[in-house]
Amino acid sequence: MKSVVLFDIDSGIPNLALMKWSTYYKNLGYRVLLSKKVVYLKAHKYLASAVFDTETTREKLTKLTEIYGSEVRLGGSGFDLEARLPAEVEVCFPDYSLYRHDRYALGFLTRGCPKKCAFCVVPVKEGRLKRQAASFSGFVPKTWKNVMLLDDNLLGYSGVQELLEEMAVHQYRVNFSQTLD
């Protein structure tokens, strides 16, 4: 059986991109391994995701490249603000079992922000606030009620009322992890 190693470089919570990659590769018949440590693991494919651009993150990415060379695919906001998941991966339902995670679902309903704060990478990475293709059914398991939204500024979205009503109808308990205007 083919295998893929997914390296979580610096996430404090389950890494959404890696959970989508896990689903994608499992659907192709791969065995998926998660590593939060930069070590050599024998596999057929190697992917790494970095959320933050810090010195520690850069050191870990450099070490991964030293170990795997061009065989490792690097991604995430901490590596490249222009990198995006391929469309066929973006639409995958997150594999929460990758992290043995069952406390809350996490995902985006919108992307971007109407503000241009000097300290923030969102205007460069995501641009203006827009509706994301995902809906709650795209990342919340049917029986779960706890949700962490990763949206950059959900209340800045002009269609937010419909999304708030959907939260109420499903009785979701929502953690808004970013800015709310």
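Description of the structure in this document. (Residues numbered from 1 in each chain as written. Predicted model: local features only at pLDDT ≥ 70, side-chain atom pairs only at ≥ 80, totals over all residues. Heavy atoms only, no water.)

## Examining the overall build of the protein
Here comes step 1: Looking only at helices and strands, the protein features five helices and nine strands.
Here comes step 2: Expressed as lengths along the three principal axes of its C-alpha atoms, the size of the protein is roughly 50 × 40 × 25 Å.
Here comes step 3: Per-residue burial for the protein yields a buried fraction of 43% across its 181 residues.
Here comes step 4: Of the contacts formed within the protein by residues at least 6 apart in sequence, a portion of 77% connects residues at least 24 apart.
Here comes step 5: Put simply, the protein shows about 10,100 Å² of open surface, and 52% of that area lies on carbon and sulfur atoms. (Helix = DSSP H or I, 4+ residues; strand = E, 2+ residues; numbered from the N terminus. Buried < 20%, exposed > 50% of the residue type's maximum accessible area, 1.4 Å probe, protein only. Contact = heavy atoms within 4.5 Å. Areas by Shrake-Rupley, 256 points an atom, 1.4 Å probe, with all protein chains shown as cover.)

## Looking at the pattern of salt bridges
Here comes step 1: If you walk through the whole model with that rule in mind, you get five salt bridges.
Here comes step 2: Salt-bridge contacts for Asp-95 lead to Lys-26; the nearest nitrogen and oxygen are separated by 2.7 Å. One end of the pair, Asp-95, is in the loop between helix H3 (87-90) and strand E5 (105-107); the other, Lys-26, is in helix H1 (residues 16-27), with 69 residues separating them in the sequence. (Salt bridge = Lys/Arg side-chain N within 4 Å of Asp/Glu carboxyl O.)

## Quick look at a nonpolar patch on the surface
Here comes step 1: Taken together, the side chains of Leu-155, Phe-176 and Leu-180 present a nonpolar region at the surface, about 210 Å² in accessible area.
Here comes step 2: Here Leu-155 shows up in the loop between strand E8 (146-149) and helix H5 (160-170).
Here comes step 3: In this structure Leu-155 comes out as partly exposed when scored by relative accessible area, which is 32%. (Patch = residues over 30% accessible without salt bridge, like charges linked within 9 Å, V, L, I, M, F, W, Y side chains within 5 Å.)

## Some words on the sheet that holds E5
Here comes step 1: Spatially, the three strands line up as an open sheet ordered E5-E8-E9, and their pairing is parallel. The strands lining the two open edges of the sheet, one partner per strand, are E5 and strand E9 (173-176). The sheet shows a mean angle of 20° between the axes of neighbouring strands, taken without regard to direction.
Here comes step 2: Two strands pair when backbone bridges link them, and E8 and E9 are joined in this way by four bridges, in the parallel orientation. The residue bridging Val-147 from the neighbouring strand is Val-174, located in E9. (Pairing = 2+ DSSP bridges. Axes fitted to C-alpha atoms, helices over the stretch in contact; angles between N-to-C directions.)

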